[in-house]
Amino acid sequence: MVKLSLDSTFAALSDPTRRAILARLALGETSVTELAKPCAMSLPAVSKHLKVLERAGLIARGREAQWRPCRIEPRALKDIDDWLAHYRRFFDESFDRLDAYLQKLQAKGRTQERTQERTQERTQERNNRGSKRKDRKHARNKQPRS
Amino acid sequence: MPATSSLDLDRDPRSIIGTREFDAPRELVFSAWTDPKHLAQWWGPNGFTTTTYSFDFRPGGTWRFVMHGPDGRDYQNLITFEEIVPPERIVYRHGGTDDVEPAQFRQTVIFEDLGGRTRLIWRGDFPSAAERDRVIKEYGADKGLAQTMARLADYVAAQA
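Computed from a predicted model, the values in this text were never measured in an experiment.

On to the overall build of chain B. Within chain B, the secondary structure is distributed over 4 helices and 8 strands. Going from the N terminus to the C terminus, chain B shows its helices and strands as β-β-α-α-β-β-β-β-β-β-α-α. Relative to its 160 residues, chain B shows a buried fraction of 24%. At a minimum sequence separation of 6, the contacts of chain B that also span at least 24 residues come to 32%.

Looking only at helices and strands, chain A features 5 helices and 2 strands. If you list the helices and strands of chain A from N to C, you get α-α-α-α-β-β-α. When each of the 146 residues of chain A is scored for burial, the buried share is 16%. Residue pairs in contact within chain A that sit at least 24 positions apart in sequence constitute 54% of those at least 6 positions apart.

With that settled, the discussion passes to the pairing of strand β5 (residues 74-85) of chain B. All names here are of chain B. Inspection of the sheet shows strand β4 (residues 62-68) paired to β5 by 7 bridges, in the antiparallel sense. Counterpart to R64 in the pairing with β5 is L78. What sits between the antiparallel neighbours β4 and β5 is a turn of 5 residues, in which G72 has the positive phi angle 90°. One ladder, built from 6 bridges, connects β5 with strand β6 (residues 89-94); its direction is antiparallel. Considered in β6, the bridge of I79 is made with H94. What sits between β5 and β6 in their antiparallel hairpin is a turn of 3 residues.

What follows covers unusual backbone geometry. Each neighbour pair has its own omega, and for P86 of chain B with P87 of chain B the value is -10°, a cis peptide bond. Along the chain, P87 of chain B falls in the loop between β5 and β6.

The next thing to look at is the environment of I110 of chain B. Residue and element names in this part refer to chain B. Tracing the backbone through its elements, the reader meets I110 in strand β7 (residues 105-113). Judged by C-beta crowding, with 15 C-beta atoms within 10 Å, I110 ranks as partly exposed. Considered as a pair, I110 and E88 are 22 residues apart in the sequence and their alpha carbons are 5.7 Å apart. Excluding residues within four positions of it along the chain, I110 makes contact with E88, R89 and I121.

Bringing the confidence of the model for chain B into the picture now. All names here are of chain B. Mean pLDDT over chain B works out to 75, with 63% of the residues at or above the 70 mark. Considering only residues more than four positions removed or in separate chains, one finds that residues 98-102, a stretch of pLDDT under 50, has 8 contacts. Residue range residues 131-160 is modelled with pLDDT below 50. Its contacts to residues more than four positions away, or to other chains, number 17 contacts. This complex was scored by the predictor with a pTM of 0.65 and an ipTM of 0.70.

Right, let's talk about the pairing of strand β8 (residues 118-125) of chain B for a bit. Residues and elements named next belong to chain B. With 8 bridges joining them, β7 and β8 adopt antiparallel strand pairing. From the neighbouring strand, E112 faces β8, where its bridge partner is R119. Where β7 folds back on β8, the antiparallel hairpin that results is connected by 4 residues, among which G115 adopts a positive phi of roughly 70°.

Reading the values: rules and limits
Residues numbered from 1 in each chain as written. Chains lettered and ligands numbered in written order. Predicted model: local features only at pLDDT ≥ 70, side-chain atom pairs only at ≥ 80, totals over all residues. Helix = DSSP H or I, 4+ residues; strand = E, 2+ residues; numbered from the N terminus. Buried ≥ 20, exposed ≤ 12 C-beta atoms within 10 Å, placed from the backbone. Contact = placed C-beta atoms within 7 Å. Pairing = 2+ DSSP bridges. pLDDT = per-residue confidence, 0-100.

Given below as structure tokens:
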């Protein structure tokens with residue numbers, strides 16, 4: 001049995017000719033000769049591509065007839081579909097969460113800044129009051145005694 | 001705030017390209033990737049939580065963690081950082097464990113400065129023999145690794 005793996009499935013799909021072959025097979029099973037017609041390719045070249053697709057579990061070839069019809073195997077495509085769904089979900093939902101987390105971090109940053117500003121203002125006020133008191137004291141001291 | 005987000009499968013047959021904009025400065029968005037404390041707050045789809053075993057944020061370093069699914073299942077994860085250019089780019093390899101992620105794929109994260117806002121580009125490359133060979137050649141060779149380390153050293157020097 002062929003061990004299905006996403007690595008070989010993706011590798012098989014990374015070639016435009018093989019994707020074209022799969023698109024044709026999605027319409028129904030057919031022969032190697034039929035598949036070679038629109039590709040402008042030799043039969044051995046097409047056979048090579050078919051072998052890659054077969055190893056990746058994307059197609060199966062009939063043994064019953066002499067012309068060995070090729071047909072699509074839905075299982076490997078299903079694996080890819082599942083993987084893509086998982087990938088899309090990760091992208092959408094993780095980054096929604098990241099967005100919310102960044103907002104939270106920024107809100108916290110702003111609160112900290114405000115707290116810092118308030119502390120600074122209070123310190124400033126205290127200093128001002130202190131110096132005013134000193135001024136008053138100073139002024140009192142300066143007042144001529146009667 | 002409406003999130004600007006898209007996932008594009010058609011631009012390049014070997015890649016999935018996602019873009020997303022965040023209303024936060026680039027340094028902050030980047031820093032959310034650099035610490036497991038931050039990552040635990042947002043990594044994974046809804047309902048998932050993350051426990052980190054080890055985290056080594058440098059080129060060649062790994063992040064080993066488990067994702068606890070809402071169905072009660074645990075998913076073991078391994079991420080290997082290949083390239084880190086703060087606050088612009090992170091490249092990592094994800095997967096390798098059969099139970100959750102049978103495919104080894106390469107993820108490039110690009111942080112674009114939009115002046116107070118940030119555009120994040122998330123590109124996943126489908127594994128292919130050629131791509132794997134390139135990675136092995138580039139990162140397996142001492143020269144490639146030395147270059148990456150030199151870039152990191154430049155960055156640290158610039159920060160000092």
